[in-house]
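# Residue-level structural notes
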Amino acid sequence: MSLFEINFDGIVGPSHNYAGLSLGNIASSSHGGDTSYPRAAALQGLGKMRSNMELGLAQGFLLPLPRPNLGLIRDLALGAGAPRQLIAAAWSASSMWTANAATVSPAPDTADGRCHLTPANLVTMAHRAQEWRDTKAQLDIAFGDSKHFAVHDAILPTFGDEGAANHMRFCEGHGAEGVEVFVYGTQGGKFPARQHEQASRAVARLHGLDPDKCVFIEQNPEAIAAGAFHNDVVSVANERVLFTHERAFADKQGAYDAIAAAFPALQVVEVPESAVSLEEAIRTYLFNAQLLTLPTGEMALVVPTECQESAAVWSWCEHMLATNGPIRKVIPVDVKQSMANGGGPACLRLRVVADPATVDPRFMLDEAKLERVEAVVAENWPEQIDPADIGSDALAKTVIEAREALLSVLSLDTLA
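Cut-offs and rules
- Residues numbered from 1 in each chain as written.
- Predicted model: local features only at pLDDT ≥ 70, side-chain atom pairs only at ≥ 80, totals over all residues.
- Heavy atoms only, no water.
- Pairing = 2+ DSSP bridges.
- Helix = DSSP H or I, 4+ residues; strand = E, 2+ residues; numbered from the N terminus.
- Axes fitted to C-alpha atoms, helices over the stretch in contact; angles between N-to-C directions.
- Contact = heavy atoms within 4.5 Å.
- Buried < 20%, exposed > 50% of the residue type's maximum accessible area, 1.4 Å probe, protein only.
- Arc of directions from axis to C-beta.
- Polar contact = N/O pair within 3.5 Å; in protein donor to acceptor, adjacent residues only side chain to side chain.
- Expected span 1.5 Å × (residues − 1).
- 1 Å grid on protein atoms, 1.4 Å probe; cavity = no way out; pocket = protein on both sides within 12 Å on 5 of 7 lines; lining within 4 Å.
- Points joined across faces, edges and corners; volume = space filled by probe spheres on them.
- UniProt positions renumbered as here; feature names shortened; annotations may be inferred.

The next subject is the sheet that holds strand β13 (residues 299-304). One open sheet holds the three strands; their spatial order is β12-β13-β14, and the pairing between them is mixed. Looking at strand neighbours, the two that pair on one side only are β12 (290-293) and β14 (327-333), the edges of this open sheet. Ignoring which end each strand starts from, the neighbouring axes of this sheet average 25° apart. Packing against the sheet, helix α12 (residues 311-322) makes contact with β13 and β14, and its axis sits at approximately 150° to β14.

Okay, structure coming up:
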């Protein structure tokens, strides 16, 4: 069996909107109330998937969840007089950011030799806490081969868990045994710390990980306060490399030492505050990037075009490429609709190390399937959504029918 890293991107849903529901996510808050463009957003995300496939990488996807969430509307009795934010929560397309879908431990790391996936409970935010059961329904199908996968329920909601956005893995190669790093926050700042240490430790136990190959690190409270609501806003890892901002961790040197003790081959590429400020790194999502190993063996960093538009960030990228470091290419992609809601290239994907042949083929992408999905999006996704549209019967009909058209073309009607 050959193991590869497969990126499963979320297809942006037809209800994509800017309701500003995510406290601590500065981009989301600053664009709250703006007009959104779901069709453009979905096509941008699909364009990123095509770009990765053209690089020779395995590409999968996850589907938009049912919206509006009629169960949530019923449970909270969301009638005409209900708070607008709660109504908007039932329409949220935030499942597009599949870095929050689950935490994934590949087979080489686990006691039973299977790939383990635990959906994130996302309890800190109401618009996201509704997601995990529908997410699990997809994971149960996509990774339904129990010889190779184990899909768990979410961790008890007492402890907030945000999935792979606060999880990193270091290894000599994706198919080799790795060291898994869990980054948690400590409460007390102006924004909530969404990842609880005990949630991370519970996931590690549930996945049957070797305690000697697990590292638990505290995120820098200053980074959370600046808008790094997840660790993947200030750090990203791939194989031997940690690409990180100087202010990502509460104890920077302690974090590097702890990872290196478990994984001596660690290579740290640190961006200093003097070159790119924490605030500029968060604004441009330099670290919310896909750090990928190409078929040639080179590493590439897929960044949002906002990085190219920042003099400080692009100067650093050019400097990095001019050195003999491990990251040899920087590839900008346009995901502006997602960025305006606080999600860059890394937010849009869940990394799963597996043999593609063991994954349900309906969730794997090729050019022909991508073209079919693009056609459905172009025909059915709303061109734009204004804040006043949220909650309307007309928009609900459009959104529901659009998702059903996508499920039909992908032969996944059981998820309707």
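Attention shifts here to the sheet that holds strand β11 (residues 267-271). As a general point, the strands of a sheet are linked pairwise by backbone hydrogen bonds and lie either parallel or antiparallel. Taken in spatial order, the three strands make up an open sheet running β9-β10-β11, and their pairing is mixed. The sheet terminates laterally at β9 (235-238) and β11, the two strands that pair on one side only. Here the strands of the sheet are splayed against their neighbours by 15° on average, with no regard to which way each runs. When β9 meets strand β10 (residues 241-245), the two strands line up antiparallel, connected through four bridges. Bridge pairing links S235 to T244 in β10.

For helix α6 (residues 132-142), every residue scored as buried is listed here: W132, T135, K136, Q138, L139 and A142. The buried residues of α6 occupy one face: seen down the axis, they fall within an arc of 160°. Tucked into the core, α6 has its buried residues touching β2 (59-62), β3 (102-105), β4 (115-119), α5 (126-129) and β5 (149-151).

What follows is about the side chain of N220. Here N220 is to be found in the loop between β8 (214-218) and α8 (221-226). The exposure class of N220 is buried, given its relative accessible area of 9%. A distance of 2.9 Å separates the side chain of N220 from the backbone oxygen of R247, its partner in a polar contact.

Spanning 14 residues, helix α14 (residues 367-380) covers 20 Å between terminal C-alpha atoms, matching the ideal 20 Å at 1.5 Å per step. By the burial criterion, the buried members of α14 are K369, L370, V373, E374, V376 and V377. The buried residues of α14 occupy an angular sector of 160° when the element is viewed end-on, so they sit on one face. On its buried side, α14 packs onto α2 (38-54), β2 and α15 (393-409). Between a side-chain oxygen at the N-terminus of α14 and the backbone nitrogen of A368 the separation is 3.3 Å; the capping residue is D366.

Tallying each qualifying case throughout the model produces seven cavities of 30 Å³ or more. The computed volume of the largest cavity comes to approximately 340 Å³. What lines the largest cavity is a set of 24 residues, and nearest its centre among them are E5, H167, M168, R169 and R351. For the lining of the largest cavity, the elements supplying multiple residues, two or more each, are β6 (167-171), β9 and β15 (349-354). The dominant element in the lining of the largest cavity, judged by the number of residues it contributes, is β15, at five residues.

Turning our eyes to something else, we now look at the UniProt feature "active site" (unreviewed entry) in the chain. According to UniProt, the positions carrying the feature "active site" (unreviewed entry) are E162, H230 and C347. Spatially, the listed residues are clustered: although they cover 186 residues, their C-alpha atoms lie within 11.4 Å of one another. Checking the annotated residues one by one, the ones that line the second largest cavity turn out to be H230 and C347. Along the chain, H230 falls in the loop between α8 and β9. Leave out the neighbours within four places in its chain, and H230 touches N100, E162, A165, N166, R194 and Q219.

As for its placement among the helices and strands, N7 is situated in strand β1 (residues 4-10). For N7, a relative accessible area of 2% translates into the label buried. A polar contact is formed between the side chain of N7 and the side chain of Q290, at a distance of 3.4 Å. Beyond its immediate chain neighbours, meaning those up to four positions away, N7 contacts A58, Q59, G60, Q290, L292, R349, L350 and R351.

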